[in-house]
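Listed below, chain by chain, are the residues.
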Amino acid sequence: MRNSDIVPELRREQPLSWDRTYGRGMTEHRYRGRDRDRDKDRDGDRDRDGDRVRDKDRDGDRDKDRDRDGDRDRDRDRVRDKDRDGNRVRDRSRDSGRDIDIDREVLWLSFPLLDQSGLVVNGFSTRIGGVSEGVCASMNLSFSRGDDPAAVSENFRRISAAMGFSPEQIVCSDQTHTTNVRRVGKEHCGSGVVRERVWKDVDGMITDEPGVVLATFYADCVPLYFVDPVHRAIGLSHSGWRGTVNGMGAVTLQKMKAEFGTRPEEVLAAVGPSICQSCYEVSEDVIEQFRNRFPANLQELLYYRKENGKYQLNLWEANRQLLLSSGIREEHLQISGLCTCCNPHVLFSHRASHGRRGNLGAFLMLQGSERESREAHTAPANPRPERRQ
Ligand SMILES: [Zn+2]
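Summarised in this report is the structure supplied together with it. (Residues numbered from 1 in each chain as written. Predicted model: local features only at pLDDT ≥ 70, side-chain atom pairs only at ≥ 80, totals over all residues.)

Remarks on the overall build of the chain
If you tally the helices and strands in the chain, you get 14 helices and 15 strands. Here the chain holds 389 residues, and the buried ones make up 47% of them. For the chain, contacts bridging at least 24 residues in sequence account for 70% of all contacts bridging at least 6. (Helix = DSSP H or I, 4+ residues; strand = E, 2+ residues; numbered from the N terminus. Buried ≥ 20, exposed ≤ 12 C-beta atoms within 10 Å, placed from the backbone. Contact = placed C-beta atoms within 7 Å.)

Some remarks on the sheet that holds strand 4 (residues 170–172)
Read across the sheet, six strands follow the order 1-2-3-15-7-4 without closing on themselves; strand pairing throughout is mixed. The open sheet has two free edges, formed respectively by strand 1 (27–32) and strand 4, since each of these has just one partner strand. The sheet shows a mean angle of 30° between the axes of neighbouring strands, direction not considered. Strand direction decides the pairing type here: strand 3 (residues 120–125) and strand 15 (residues 360–366), joined by five bridges, are antiparallel. Residue pairing in the sheet places Val120 in a bridge with Leu366 of strand 15. Of the strands in this sheet, strand 1, strand 2 (105–110), strand 3, strand 4 and strand 15 are in contact with helix 7 (residues 149–163), which crosses strand 2 at around 60°. (Pairing = 2+ DSSP bridges. Axes fitted to C-alpha atoms, helices over the stretch in contact; angles between N-to-C directions.)

Some remarks on the nonpolar core
Counting residues in hydrophobic clusters, the biggest one holds 90 residues, and the most contacted among them are Tyr225 and Ile234. Contacts of Ile234, omitting those with residues within four sequence positions, involve Val120, Ile206, Thr207, Leu214, Phe226, Val227, Leu364 and Leu366. (Core = buried A, V, L, I, M, F, W, Y, C linked by C-beta atoms within 7 Å.)

Here we look at unusual backbone geometry
Going from Ala137 to Ser138, the amide bond is cis rather than trans, its omega being -15°. At His354, a residue that is not glycine, the phi angle is positive and equals roughly 55°. With respect to the helices, strands and loops of the structure, His354 is situated in the loop between helix 13 (350–353) and strand 15.

Some thoughts on the pairing of strand 15
The buried fraction of strand 15 amounts to seven of the seven residues, a majority that puts the element mostly inside the structure. Across the two faces of strand 15 the burial is the same, with Leu360, Ala362, Leu364 and Leu366 and Gly361, Phe363 and Met365 all buried. Here strand 7 (residues 213–218) runs beside strand 15; their pairing, made up of six bridges, is antiparallel. Residue pairing in the sheet places Tyr218 in a bridge with Leu360 of strand 15.

Geometry only, nothing functional implied.
Dropping the structure here:
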C-alpha cells in the first residue's frame, strides 16, 4: 500500500461525527469569502478579478468587520447587482460564482459556552476552506510541516477572516509538550504568522489585552480554553498526554491567578477537539504516569486495559478531572465531544494519517472597546433599499 492510500482525503461534505458520551459541545460555522465583493464595494469595479484578495485583510478595521457581518453585506450586494445593472444573471456568469464558490467556504467551530460570555472570540479550525494540497489539504496552519509557506499564509488569512480578526493580531505558541505558559500582549501580535516568534518552548499563553489573538495548534492533542470574565483575561493551552499528566490546565490557571488575580471558580473553560478514548491506544509506560498523577478513585474513568496489554486513554476525562480539581465549576466547563481521529476527512489527525498531516488551530481573543468601536464604525451608513421581487 502506498502512503497516499492511507492518508484520509479531505471530504468537504462529510458531516462531523460527535462523541456519544460527551455530545455536541460546539457550534459549526460556515464562512464564505466575499473578497471580490468587498473590493468591488470599495472600488466600484464590478469586473475586477479575484487576485487582489490576498491583500484584503491588511487594509484595516473596515474590512475585518465586514467579514463578521458577511450575510448582510452579501444581501446588500445582491440588491446592488439588480439595482445597478438590472441583469443579475449576466453578472453571475461574468463573475463566476463569487458568492456560491464552495471552494472558498471555511468550516470552523466555536464553544457556545464561551460565545455566550460575550467577552471573547473563540474558534477551532477544520481542514475545510484553505488552499494547501496533498496531506495538508486544505486549511493547514503550520509553516513547519513541509507545506508551501504562501499557502499557509493564505490559510491564516482565510481563517482569520472567517473568525473576525486579522493575521496581524495572532500570537502563536511554540509547542514542545512543556507546561510553559507565557503572558503575551499587543507587542507580540503577528508572532509566528507575519513575523518570527521571539520564544521557544511555549505550550500555553495568557493575556488580558483585547485584540490579542492567542493561537495554538493541533492534530489529536487537547486544546484548553480559559476565559476569566471577572478580571477579563484569557488563556489557551496545548495539552497532549504529557501536558495532561503534567497538569497543563492547572498550570495555566495558576499563571492566570498570578498575573491577573484569576479565581478558578469564576473561569469558563473548554476542552477542544482532540483524540477520543476509543481512538487513543497507549502503552503501559504512559499509563504508569497517569497512575502516579491521578487519584486511585479516578483511574477507572481515565483508561482501561485491553487483552493485547495496551490501554485506551481518555484525555478528555483526564483534563476534565484536572480542571474540576483545580476549582473550575462543572457548569463552567464544556467538552467539545469532537474527535480528530474519528473525523479525519474534516479534521487533521496525527494518528489517522500516520503523521502525514497539517495542523488545526485553536484561537481565543478577548473582545474589548476596540471591537466595539470597529463595529460602530462599520454600521451601514445608508439604509438598505428593499429587495424587489
Ligand atoms: Zn475517536
